[in-house]
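# Reading the structure
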Amino acid sequence: MKHKDEKRNTLFWGWALIGPTFIGLLILNIIPVIQSLVYSFHNVSTFGENTFVGLSNYMRMLNDALFWQSLGNTFLYTIVQVPITIGISLVLAALLNTKIKGLTIYRAIYFMPMIAAPAAVAVVWRWLLNSEYGLVNQILGANIQWLSDPNIVIWSVIIVGIWSNIGYSMILLLAGLQEIPKLYYEAAEVDGASKVYQFFHITVPLLTPQIFFVAVTSVIQALQVFDIIYIMFDDINPSFTQVQTVVVRFFHESFVLNDKGYGSAIIMALVIIIMILTAIQWKLQDKWVTYD
């Protein structure tokens with residue numbers, strides 16, 4: 001009887017602890033996904049009336065040039081931003097794992113962009129990249145149209161994305177670095193290995209589990225980029241289509257044009273893409289990730 005009471009008590013507190021998270025996940029994630037899936041097969045009117053249209057929204061998406069443009073922008077942003085961010089974060093994590101003065105201050109500075117609100121980050125960078133009075137052009141002594149040149153706007157977003165995500169990746173990699181036994185480095189120094197050799201033959205291989213985690217989460221986050229684009233660029237910007245991503249396209253269709261059926265089809269396509277890319281990354285980890 002006592003054993004059953006203990007088991008019941010443990011079960012109660014277990015559900016009590018995970019309950020808030022589970023409820024939040026259900027309300028904010030699971031239910032919206034199911035609702036979006038249902039909407040993607042319907043034509044949702046302004047007055048909330050749903051008309052089943054089958055695969056019409058998906059067929060429309062396949063013939064929508066703006067959707068393919070947004071998908072290309074999303075892939076370009078992800079392909080460029082994620083590797084550069086991880087590379088810079090890895091180098092910074094290695095430097096911050098050494099004994100230098102003001103180490104805590106440096107860590108706080110690099111991590112600060114991650115805790116700042118995305119809207120605030122976008123507003124600051126919109127000012128910095130302003131072609132008329134922006135600080136970046138003043139420092140470079142140039143007149144680069146960072147926010148209006150069709151050939152540059154996507155790279156402006158990539159720069160902001162790299163700056164915003166370095167802190168997150170760096171902290172995770174730094175935590176992994178601190179778990180690597182010092183014995184490996186001491187043995188390498190005895191054998192006369194240089195710091196560069198130690199970095200590529202000890203640090204990187206032993207850090208691959210953390211790099212894999214950062215890569216997966218960074219790709220998922222990059223594919224959903226929205227905040228900085230929405231704040232930095234206006235719909236009337238002539239270069240807006242060159243920087244519009246899939247999530248921005250979803251927002252425009254669902255909440256500006258109020259076509260929630262088609263918008264839901266767009267976001268469901270992105271969900272499928274994220275699932276496929278995550279599955280591919282998970283499958284390929286056996287070829288390069290070391291858990292020993």
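Note that the structure is a prediction, hence the values are computed from the model and not measured. (Residues numbered from 1 in each chain as written. Predicted model: local features only at pLDDT ≥ 70, side-chain atom pairs only at ≥ 80, totals over all residues. Heavy atoms only, no water.)

## Side note on the overall build of the chain
Selection rule: What counts as a helix is a DSSP run of H or I of at least four residues, what counts as a strand is a run of E of at least two, and both are numbered from the N terminus. A 1.4 Å probe rolled over the protein chains alone gives each residue an accessible area, and that area as a share of the maximum for its type sets the label: buried under 20%, exposed over 50%, partly exposed in between. Contacts are residue-level and defined by heavy atoms, with any inter-residue pair within 4.5 Å sufficient. Here the Shrake-Rupley method, with its probe set to 1.4 Å, supplies the accessible areas, and only the displayed protein chains count as covering residues.
A tally of helices and strands in the chain yields 13 helices and two strands. Seen through its principal axes, the chain has C-alpha atoms that stretch 80 × 70 × 35 Å. Counting all 292 residues of the chain, 39% fall into the buried class. A fraction of 67% describes how many contacts in the chain between residues 6 or more apart in sequence connect residues 24 or more apart. For the chain, the exposed area adds up to about 17400 Å²; of that, 69% sits on carbon and sulfur atoms.

## Remarks on the nonpolar core
The cut-off we apply is this: Residues enter a nonpolar core if they are buried and are Ala, Val, Leu, Ile, Met, Phe, Trp, Tyr or Cys, with the set joined through side-chain atoms within 4.5 Å.
Ile228, Ile229, Met232, Phe233 and Val243 are the most contacted members of the largest nonpolar core, which has 64 residues in total. Element by element, the count of residues in this core is highest for helix 7 (residues 153–177), at eleven residues. Residues within four places of Val243 in sequence aside, it is in contact with Asn73, Val153, Ile154, Val157, Ile229 and Phe233.

## Some thoughts on a nonpolar patch on the surface
The cut-off we apply is this: For patch building, the residue pool is restricted to those with more than 30% relative accessible area and no salt bridge; the joining distance is 9 Å between like charges and 5 Å between nonpolar side chains (Val, Leu, Ile, Met, Phe, Trp, Tyr). By convention in these notes, a salt bridge is any Lys or Arg side-chain nitrogen within 4 Å of a carboxyl oxygen on Asp or Glu.
A contiguous nonpolar surface patch, about 890 Å² in accessible area, is contributed by Phe22, Ile23, Leu25, Leu26, Ile27, Leu28, Ile30, Ile31, Ile34 and Val38. Considering the arrangement of structural elements, one finds Ile23 in helix 1 (residues 2–39). For Ile23, a relative accessible area of 47% puts it in the partly exposed group.

## Overview of the pattern of salt bridges
If the charged atoms of two oppositely charged side chains come close together, the side chains can form a pair. What the rule picks out here adds up to six salt bridges. The closest approach of N and O atoms between Asp64 and Arg249, which form a salt bridge, is 3.6 Å. On the criterion of sequence distance, the pair formed by Asp64 in the loop between helix 2 (56–62) and helix 3 (65–96) and Arg249 in helix 12 (residues 246–256) is long-range, its members being 185 residues apart. Residue Asp64 is classed as buried on the basis of its relative accessible area of 13%. For Arg249, a relative accessible area of 6% corresponds to the buried category. Where Asp234 meets Arg126, a salt bridge forms, and the shortest distance between an N and an O atom there is 3.0 Å.

## Digging into the packing of aromatic side chains
Here is the rule: In this scheme Phe, Tyr and Trp rings, the latter by its six-membered ring, pair at centre separations within 6.5 Å, and the angle between planes marks the pair as stacked below 30 degrees, edge-to-face above 60, and tilted otherwise.
Taken as a whole and assessed by the stated rule, the structure comprises eleven aromatic pairs. Centre to centre, the rings of Phe226 and Tyr230 are 5.2 Å apart; their planes meet at 20°, and the pair counts as stacked. Its relative accessible area of 17% is what places Phe226 among the buried residues. Relative to Phe255, the ring of Phe250 has its centre 6.0 Å away and its plane inclined at 85°; by these criteria the two rings are edge-to-face. Connected via pairs of aromatic rings, a cluster forms that spans Phe226, Tyr230, Phe250, Phe251 and Phe255.

## Things to note about the side chain of Asn237
Summarising the element assignment, Asn237 is placed in the loop between helix 11 (227–232) and helix 12. For Asn237, the contacting residues outside a window of four places in its chain are Leu147 and Ser148.

## A closer look at the side chain of Ser89
Here Ser89 shows up in helix 3. Ignoring sequence-local partners within four residues, the contact set of Ser89 consists of Ile166, Ser169, Met170 and Leu173.

## Some thoughts on the packing of helix 7 against helix 10 (residues 208–223)
Here is the rule we go by: The axes used here are C-alpha line fits, helices contributing only the stretch in contact, and every angle between their N-to-C directions lies in the interval 0 to 180 degrees. Orientation is classified from the angle alone, with under 35 degrees giving roughly parallel, over 145 giving roughly antiparallel, 65 to 115 giving roughly perpendicular, and any other angle giving oblique. Less than a right angle of anticlockwise turn of the near helix away from the far helix marks a crossing as left-handed, whereas a clockwise turn marks it as right-handed. All amino acids are sorted into three groups, where Ala, Val, Leu, Ile, Met, Phe, Trp, Tyr, Cys and Pro are nonpolar, Asp, Glu, Lys and Arg are charged, and the leftover types, Gly among them, are polar.
Relative to each other, helix 7 and helix 10 sit at 160°, their axes nearing to 9 Å. In terms of axis orientation, helix 7 runs roughly antiparallel to helix 10. Handedness of the crossing formed by helix 7 with helix 10: right-handed. Together, Asn165, Tyr168, Ser169, Leu172, Leu173 and Gly176 of helix 7 and Gln210, Ile211, Phe213, Val214, Thr217, Ser218 and Gln221 of helix 10 make up the contact between the two elements. Here the residues of the contact of helix 7 with helix 10 are counted per class, giving six nonpolar, seven polar and no charged.

## Considering the environment of Leu55
Within the element layout of this structure, Leu55 appears in the loop between strand 2 (50–52) and helix 2. By relative accessible area, Leu55 is classed as exposed at 55%. Separated by 14 residues in sequence, Leu55 and Phe41 place their C-alpha atoms 6.0 Å apart.

## Section: helix 5 (residues 118–128)
The condition that has to hold: Summarising the geometry, the arc corresponds to the directions from the helix axis toward the C-beta atoms.
Looking at helix 5, one finds that the buried residues are Val121, Ala122, Trp125 and Leu128. Buried positions in helix 5, seen along its axis, are confined to an arc of 120° and lie on one side of it.

Purely geometric numbers; function is a separate question.
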